[in-house]
Amino acid sequence: SFENRLILITGGSSGIGLALAKNLASRGSHVWIMARRPQMLQTALLEIEENRINQSQIFGSLTADVANEDQVNYVLDNFLKENGTPDLVINNAGITYPGHFEQIPTDAFRQVIEINYLGMVYVLKKIVPGMIARKSGYIVNISSLAGIGGVYGYSAYGPSKFAVSGLSETLHFELKYYGIKVSVVFPADTKTPQLD
């Protein structure tokens, strides 16, 4: 049951993250979303609140770029003090940069790794200690089918999603002894603003 569970979703202002947030709100969860753009966060929050099933549900947003470790630490320190450790964290924030390998600038490779992989690491470094102390929690990391096998035109994006898979598998083994479950999801092409 997701009722009365505290859930944090990165990349929650659009696409898969927003769809998950609305679905979980309709199941009675307390949902918080994190993303970079305050305007999109506020619009998304209104959509999420429309799916509430009772007035006791709490919804909120956190403005931070997951690639910026200082921002992540600051907003999550405040979030944890006010709300406690989430029951479920969904690491969904991500970007893509398609193109032929030789035409993709080096900075794009760096940015994709910083957001898709290191952003996930920064969030989990703040959340996991509380889950360990409580001896419960669930982590869901969003990878991609491009994180299972190479996909033409995704030489920057695909490897970042391979890293997500590797981290998820390692955390599964390390954290199961604390009652913490880890899942990795491999969506195919999904109709989202990023795909457009």
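The structure we're discussing is the one just above.
Residues numbered from 1 in each chain as written. Predicted model: local features only at pLDDT ≥ 70, side-chain atom pairs only at ≥ 80, totals over all residues. Heavy atoms only, no water.

Caption draft 1: Examining the pattern of salt bridges more closely. Tallied over the entire structure, the rule returns 4 salt bridges. Of the charged contacts, one joins D87 and R134 as a salt bridge, the two residues approaching to 4.0 Å between their closest N and O atoms. Residue D87 is located in the loop between α3 (69–83) and β4 (88–91), and its partner R134 is located in helix α4 (residues 106–134); the two are separated by 47 residues in the primary sequence. Since its relative accessible area comes to 32%, R134 is described here as partly exposed. Among the ionic pairs, R110 bridges to D107, the shortest N-O distance being 2.6 Å. You can see R110 and its partner D107 sitting in helix α4, 3 residues apart, about one turn around the helix. On the basis of relative accessible area, R110 is assigned to the partly exposed category, the value being 44%. The exposure class assigned to D107 is exposed, which follows from its relative accessible area of 54%. (Salt bridge = Lys/Arg side-chain N within 4 Å of Asp/Glu carboxyl O. Helix = DSSP H or I, 4+ residues; strand = E, 2+ residues; numbered from the N terminus. Buried < 20%, exposed > 50% of the residue type's maximum accessible area, 1.4 Å probe, protein only.)

Caption draft 2: Broad picture of the sheet that holds strand β3 (residues 59–63). Taking strand neighbours across the sheet as the criterion, the 6 strands line up as β3-β2-β1-β4-β5-β6 in an open arrangement whose pairing is parallel. Sheet topology places β3 and β6 (180–185) at the edges, where each strand pairs with a single neighbour. Along the sheet, successive strands turn relative to each other by an average axial angle of 15°, direction set aside. Inspection of the sheet shows β4 paired to strand β5 (residues 137–142) by 4 bridges, in the parallel sense. Paired with V89 across the two strands is I139, which belongs to β5. In this fold helix α2 (residues 38–49) packs onto β2 (30–35) and β3, with an angle of close to 165° to the strand it touches most, β3. With respect to the sheet, α4 is in contact with β1 (6–10), β4, β5 and β6, its orientation differing from that of β5 by roughly 160°. (Pairing = 2+ DSSP bridges. Axes fitted to C-alpha atoms, helices over the stretch in contact; angles between N-to-C directions. Contact = heavy atoms within 4.5 Å.)

Caption draft 3: Spatial organisation of the nonpolar core. Ranked by size, the top nonpolar core spans 33 residues in total, and within it L62, L76, V89, L124 and I139 carry the most contacts. Elements with a minimum of two residues in this core: β1, β2, α3, α4, α5 (157–175) and β6. The element contributing the most residues to this core is α4, with 10 residues. Not counting residues within four places of it along the chain, the set of residues in contact with L124 comprises V89, N91, P129, I139, N141, L167 and L171. Ranked by size, the runner-up nonpolar core spans 18 residues in total, among them I7, I9, A35 and A44. (Core = buried A, V, L, I, M, F, W, Y, C linked by side-chain atoms within 4.5 Å.)

Caption draft 4: How the structure looks around the layout of surface pockets. Put simply, the second largest pocket is a space of about 180 Å³. Taken together, S1, F2, R5, I7, D87, L88, S136, G137, Y138, G179 and K181 make up the lining of the second largest pocket. In terms of residue class, the lining of the second largest pocket is built from 4 nonpolar, 4 polar and 3 charged. (1 Å grid on protein atoms, 1.4 Å probe; cavity = no way out; pocket = protein on both sides within 12 Å on 5 of 7 lines; lining within 4 Å. Points joined across faces, edges and corners; volume = space filled by probe spheres on them. Nonpolar A, V, L, I, M, F, W, Y, C, P; charged D, E, K, R; others polar.)

Caption draft 5: Inspection of the packing of α4 against α5 at higher detail. Between α4 and α5, the shortest axis-to-axis distance is 8 Å and the interhelical angle comes to 15°. Relative to α5, α4 is oriented roughly parallel. As α4 packs across α5, the resulting crossing turns out to be right-handed. Contacts between α4 and α5 involve V112, I113, N116, Y117, M120, V121, L124, V128 and I132 on the former and, on the latter, Y157, S160, K161, A163, V164, L167, L171 and L175. The class makeup of the residues in the contact of α4 with α5 is 14 nonpolar, 2 polar and 1 charged. (Parallel < 35°, antiparallel > 145°, perpendicular 65-115°, else oblique. Left-handed = near helix turned anticlockwise from the far one by under 90°.)

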